[in-house]
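Examination of the molecular architecture
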Amino acid sequence: MTEQGLFMRFTMSIGWDVSYRGSHQRGVADQLIADTLTDLFGGFTMFEGVGGWRAPDERLFMEMMRQYQFTDTTKTQWTWPPELKELIEKVKELTGEEAIYLERQVVNVEII
């Protein structure tokens, strides 16, 4: 079975303060993200790494981060789904993160 076309790919990047590693809130956030993305999009891919940014006072910050990618293959989500914004607010509360980076892009995909 081959499927191809234009789809909307979403990327969500979250900085994980090391103090949350292994904590109850981190586990709750992990499960909430997995459940919500699987329910909305059928699945996701998650990468762990390090993100860096420079503060207005020129200090360089580097922190552990997770990046989730998920694609709407139904071609129905060309805008931000309200459930995704609700998820982000809940994750911010659980993790203490001030901001979560979101990106969306139209991609040409071929599933072989």
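In the block above lies the structure referred to throughout.
The following refers to the structure shown. Note that this is a predicted model, so its numbers are computed, not measured.

**Some words on the nonpolar core**
With 16 residues, the main nonpolar core has Met12, Ile14, Ile33, Leu37, Tyr68, Phe70 and Leu84 as its most contacted residues. Where this core is concerned, the elements lending two or more residues are strand 1 (3-15), helix 1 (24-41), strand 3 (60-72) and helix 2 (82-95). With near-sequence residues (within four places) excluded, Leu37 lies in contact with Met12, Gly42, Gly43, Phe44, Tyr68, Phe70, Leu84 and Leu87.

**With respect to the pairing of strand 2 (residues 45-54)**
Where strand 2 lies against strand 3, ten bridges are found, and the strand directions are antiparallel. Looking at strand 3, one finds that Arg54 is bridged to Leu60. Hairpin connection, strand 2 to strand 3: the antiparallel pair is bridged by five residues, and Glu58 has positive phi, about 80°.

**Examining the layout of surface pockets**
Considered as a void within the structure, the largest pocket measures approximately 380 Å³ in volume. In terms of lining residues, the largest pocket is bounded by 16 residues, among which Gly15, Trp53, Glu63, Glu97 and Ala99 are the most central. Secondary-structure elements contributing two or more residues to the lining of the largest pocket are strand 1, strand 2 and strand 3. Its residues assigned to classes, the lining of the largest pocket shows eight nonpolar, five polar and three charged.

**Remarks on the pattern of salt bridges**
As enumerated under the stated definition, the model contains four salt bridges in all. Between Arg59 and Asp57 there is a salt bridge whose closest N-O contact spans 2.7 Å. Note on Asp57: relative accessible area 45%, which makes it partly exposed. Each of Asp30, Glu48 and Arg66 takes part in one network of salt bridges that share partners.

**Description of the side chain of Thr36**
Within the element layout of this structure, Thr36 appears in helix 1. When its relative accessible area of 16% is taken as the criterion, Thr36 is described as buried.

**Here's the deal with a nonpolar patch on the surface**
A contiguous nonpolar surface patch, about 330 Å² in accessible area, is contributed by Val50, Leu60 and Met62. Mapping Val50 onto the fold places it in strand 2.

Definitions and limits used
Starting from 1, residues in each chain are numbered consecutively following that chain's sequence as written. Where totals are concerned, whole chains, interfaces and linings use all residues; where local detail is concerned, this predicted model gives features only for residues with pLDDT of at least 70, and gives and counts side-chain atom pairs only at 80 or more. Each side-chain value is derived from all of the structure's non-hydrogen atoms; neither hydrogens nor water enter the calculation. Put simply, a nonpolar core is a bunch of buried Ala, Val, Leu, Ile, Met, Phe, Trp, Tyr and Cys residues held in one set by side-chain atoms that sit within 4.5 Å of each other. Partly exposed describes any residue whose relative accessible area lies between the buried limit of under 20% and the exposed limit of over 50%, with all areas from a 1.4 Å probe on protein chains only and scaled to the type maximum. Helical segments are the DSSP runs of H or I of at least four residues, strand segments are the runs of E of at least two, and each set is numbered from the N terminus. Every residue pair with non-hydrogen atoms within 4.5 Å of one another is taken to be in contact. Strands are labelled as partners when DSSP assigns at least two bridges between them. With a 1 Å grid spanning the protein atoms alone, the term cavity applies to any set of points in which a 1.4 Å probe fits but cannot get out, the term pocket to an open set with protein on both sides within 12 Å along at least five of seven lines, and the term lining residue to any residue with an atom within 4 Å of a point. Grid points are joined across faces, edges and corners, and a volume is the space filled by probe spheres set on the points. Each residue receives one of three labels: charged for Asp, Glu, Lys and Arg, nonpolar for Ala, Val, Leu, Ile, Met, Phe, Trp, Tyr, Cys and Pro, and polar for the others, Gly being one of them. By convention in these notes, a salt bridge is any Lys or Arg side-chain nitrogen within 4 Å of a carboxyl oxygen on Asp or Glu. What makes a patch is a set of residues exposed beyond 30% relative accessible area and free of salt bridges, joined within 9 Å when like-charged and within 5 Å when nonpolar (Val, Leu, Ile, Met, Phe, Trp, Tyr). Residue exposure ignores everything except the shown protein chains as possible cover, and the areas themselves are Shrake-Rupley values with a 1.4 Å probe.

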